[in-house]
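Descriptive structure summary
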Amino acid sequence: MTSTTDPALTELLNSRIRDVQDYPKPGVLFKDIAPLLADAEAFGALTRALAERAKELGATKVVGLEARGFVLAAPAAVTAGLGFVPIRKKGKLPGDVFSRSYDLEYGSATLEVQCDAFEPGEKVLVVDDVLATGGTIAASLDLVQEAGAELVGVVVLMELGFLTGREKLAPHLHGAPLETLVVV
């Protein structure tokens, strides 16, 4: 499943995502969500859609991935009346953490979640801004499961459909839906 959103929402969101040529390096077309976040109508519609999906899936917590995933997931969690859990880069969370390292095209990275972030069996919706190659989200899904929570779904604002992120995530989803609001 690619999207459960209505075409009007997809059109609104897509109209507020700006293309920036040659950023962060020559040859890259960067998809900038800052205009979407600055537009109260579009950001509100996105927040309500994410909150509604969290409730439909029976989530008890919404997880956001550092850093732009925080901006999307936290207001959705509050709107849905749910708690928010951040998954952060290594060394950014106090206390005991679960860690997961993964490969990037230029090296590796490590993500962490606090060991006490979830009650056993708690139902979690993971939210992020972009699905590209899938490494960050895959590591996050593994962390959610290691921390004892049950994944009920993943929703991303944008999927870069020309990359293989969706295929990479399949074994990490364990049957949970992966949904995107805009495919580019």
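This text goes with the structure placed above it.
Residues numbered from 1 in each chain as written. Predicted model: local features only at pLDDT ≥ 70, side-chain atom pairs only at ≥ 80, totals over all residues. Heavy atoms only, no water.

**Details of the overall build of the protein**
Note the cut-off: Put simply, DSSP marks the helices as runs of H or I at least four residues long and the strands as runs of E at least two long, and each gets a number from the N terminus on. For the radius of gyration, the atom set is restricted to C-alpha positions; the globular benchmark scales as 2.2 Å times the number of residues to the power 0.38. Throughout this description, buried means an accessible area under 20% of the type-specific maximum (1.4 Å probe, protein chains only), exposed means over 50%, and partly exposed covers the range between. Throughout, a contact is declared for two residues whenever any of their heavy atoms are within 4.5 Å. With residues, only the protein chains shown are counted as cover, and all accessible areas are computed by Shrake-Rupley using a 1.4 Å probe. Counted as positive: Lys and Arg. Counted as negative: Asp and Glu, with His and the chain ends omitted from the count. Where a charge sits is defined by one atom per residue type, namely NZ (Lys), CZ (Arg), CG (Asp) or CD (Glu).
Each helix and strand counted, the protein has six helices and nine strands in total. Here the C-alpha radius of gyration of the protein, 16 Å, is about what a compact globule of 184 residues would show, namely 16 Å. In terms of principal-axis extent, the alpha carbons of the protein reach across some 40 × 40 × 30 Å. Taken across its 184 residues, the protein has 45% of its residues classed as buried. Pairs at least 24 residues apart make up 63% of the contacts formed inside the protein by residues separated by at least 6 positions. Summing over all exposed atoms, the protein offers an accessible surface of approximately 8800 Å²; the carbon and sulfur share of this is 53%. Positive and negative side-chain charges of the protein, numbering 17 and 25 respectively, have mean locations separated by a distance of 3 Å.

**Quick word on the side chain of D142**
Inclusion rule: In the sections that follow, a salt bridge refers to a side-chain nitrogen of Lys or Arg positioned within 4 Å of a carboxyl oxygen of Asp or Glu. Think of a polar contact as two N or O atoms within 3.5 Å of one another; within protein, one of them needs to be a possible hydrogen donor and the other a possible acceptor, and neighboring residues in sequence only count if both atoms come from side chains.
By secondary structure assignment, the location of D142 is in helix α5 (residues 135-146). Although buried, D142 forms no salt bridge, and the nearest oppositely charged side chain, R100, lies 4.1 Å from it. For D142, the side chain forms a polar contact with the side chain of H172, separated by 2.8 Å. Residue contacts for D142: discarding those within four places in its chain leaves R100 and H172.

**Section: helix α6 (residues 165-173)**
Defined as follows: As used here, the arc belongs to the directions running from the helix axis to the C-beta atoms.
Those residues of α6 not exposed but buried are G165, L169, H172 and L173. Seen end-on, α6 carries its buried residues on one side only, within an arc spanning 95°. Exposed side of α6, more than 90 degrees from the buried face: E167 and P171 are the residues found there. On its buried face, α6 is in contact with β7 (123-131), α5, β8 (150-159) and β9 (178-183). A positive backbone phi angle near 50° is found at H174, which sits one or two residues after α6.

**Quick notes on the nonpolar core**
In globular proteins that are soluble, nonpolar side chains generally tend to be buried together. Basically, it comes down to this: Put simply, buried Ala, Val, Leu, Ile, Met, Phe, Trp, Tyr and Cys residues joined by side-chain atoms within 4.5 Å make one nonpolar core.
Ranked by size, the top nonpolar core spans 28 residues in total, and within it L13, L46, L50, L125 and L157 carry the most contacts. Breaking this core down by element, the ones donating at least two residues are α1 (7-15), α3 (40-56), α4 (68-80), β7, β8 and β9. Discounting chain neighbours no more than four positions away, the residues touching L13 are L36, A42, L46, L157, L181 and V182. By size, the runner-up hydrophobic cluster in this structure holds 27 residues, among which are I87, A138, A149 and V154.

**Let's talk about the packing of α5 against α6**
What counts here: For helices, the fitted axis covers only the stretch in contact; all axes are lines through C-alpha atoms, and the angles between them, taken along N-to-C directions, range from 0 to 180 degrees. Here the angle decides the label: under 35 degrees means roughly parallel, over 145 means roughly antiparallel, 65 to 115 means roughly perpendicular, and every other value means oblique. Gly falls in the polar group here, along with every residue not listed as nonpolar (Ala, Val, Leu, Ile, Met, Phe, Trp, Tyr, Cys, Pro) or charged (Asp, Glu, Lys, Arg).
Two elements in contact, α5 and α6, have axes separated by 9 Å at closest approach and are oriented at 5°. Between α5 and α6, the crossing angle belongs to the class labelled roughly parallel. Residues G135, I137, A138, L141, D142 and Q145 of α5 pack against K168, L169, H172 and L173 of α6. Partitioned by chemical class, the residues of the contact of α5 with α6 number five nonpolar, three polar and two charged.

**Considering the packing of α1 against α3**
Rules: Throughout, a crossing is termed right-handed when the near helix is turned clockwise from the far one, and left-handed when it is turned anticlockwise from it by less than a right angle.
α3 packs onto α1 with a crossing angle of 130° between their chain directions and a minimal axis gap of 10 Å. Classified by the interaxial angle, the pair formed by α1 and α3 is oblique. For the crossing formed where α1 meets α3, the hand is left-handed. Contact residues: L9, L12 and L13 in α1; E41, A42, A45, L46 and A49 in α3. Its residues assigned to classes, the contact of α1 with α3 comprises seven nonpolar, no polar and one charged.

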